[in-house]
Amino acid sequence: SSKFYQERLNSKTSIKINVLEWLACAEILTEKDLVSLCSSIPEPNSVIESLISDGVLVRKEGEMEFVESNFGEFIYSKIPSSQKSKMHFQIAKELLKSDFFLLSNSEKVILAHHLNRASESISEPSEKIRFAELILEVAKIQKSEHAYSQSKIFVNAALTILKGLRWDEANSVLFQAHLE
């Protein structure tokens, strides 16, 4: 099946592949967010429409998805890991254009997953602290919903993001992470 998916992918233009890579990285995105992430592409709306008419993408309740999730997973597996981290970082920033506290708990969890996958692309100390605080907020939500293993994953993700910072730069968030 990977040969079949590779042939399908090879039949697409580089512009279409770029759109597909963004969606493969995100798994599910609103059309507005996908268009925003693809803003460097000329006429991203028409490219998305073309992928829908090709039977590759589908609109479901305001969100874009792959018709075949396996094709999205195949595309994701072909993206180099350094590029994946950068893409997850951009997706997280796109999702954060909305006020974090107005997001649903599910949206916060999705955001935290993207931040976790973007950890190697987060380099500014202020961003590291901010994103670690957001991830810890999600860890608390997961803990309150008795999703202890998920909560632990997010606490570890926050600690990973904070690596390399001095104690005096991040003492309150480090303290909070170790309390969780």
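In this report, we go over the structure that sits alongside the text.

Each value, and the rule that gives it
Residues numbered from 1 in each chain as written. Predicted model: local features only at pLDDT ≥ 70, side-chain atom pairs only at ≥ 80, totals over all residues. Heavy atoms only, no water. Helix = DSSP H or I, 4+ residues; strand = E, 2+ residues; numbered from the N terminus. Buried < 20%, exposed > 50% of the residue type's maximum accessible area, 1.4 Å probe, protein only. Contact = heavy atoms within 4.5 Å. Disulfide = S-S within 2.5 Å. Core = buried A, V, L, I, M, F, W, Y, C linked by side-chain atoms within 4.5 Å. Salt bridge = Lys/Arg side-chain N within 4 Å of Asp/Glu carboxyl O.

1. Re the side chain of Arg8
With respect to the element layout, Arg8 can be found in helix H1 (residues 2-10). Judged by its relative accessible area of 18%, Arg8 is buried. Apart from the residues lying within four places of it in its own chain, the contact partners of Arg8 are Gly55, Val56, Glu68 and Phe71.

2. A closer look at the state of the cysteines
Defined simply, a disulfide is a covalent bond joining two cysteines at their sulfur atoms. Within the structure shown, the criterion is met by zero disulfides. Looking at the unpaired Cys25, the closest cysteine sulfur is the one in Cys38, lying at 11 Å. A relative accessible area of 0% means that Cys38 is categorised as buried.

3. Quick look at unusual backbone geometry
Its identity is not glycine, yet Glu43 carries a phi of approximately 50°, on the positive side. Relative to the helices and strands, Glu43 is located in the loop between helix H3 (31-37) and helix H4 (44-53). On the basis of relative accessibility, which here comes to 60%, the residue Glu43 falls in the exposed class. Positive phi outside glycine occurs at His146, with the angle close to 65°. Topologically, His146 is positioned in the loop between helix H8 (125-144) and helix H9 (148-162).

4. Side note on the nonpolar core
Ranked by internal contacts, the top residues of the largest apolar core, which has 59 residues, are Leu20, Leu34, Phe66 and Phe71. Element by element, the count of residues in this core is highest for H8, at eight residues. Once you skip the residues sitting within four places of it in the chain, Phe71 turns out to touch Tyr5, Arg8, Leu9, Leu20, Val56 and Phe66.

5. As for the pattern of salt bridges
Overall, the coordinates contain nine salt bridges when judged by the stated rule. In this structure, the salt-bridge partner of Lys16 is Asp54, at a minimum N-O distance of 2.9 Å. On the criterion of sequence distance, the pair formed by Lys16 in helix H2 (residues 14-26) and Asp54 in the loop between H4 and strand E2 (57-60) is long-range, its members being 38 residues apart. Classification of Lys16 as buried rests on a relative accessible area of 17%. For Glu27, the salt bridge identified is with Arg117, shortest N-O distance 3.7 Å. In this pair, Glu27 is assigned in the loop between H2 and strand E1 (29-30) and Arg117 in helix H7 (residues 105-117), connecting sequence segments 90 residues apart.

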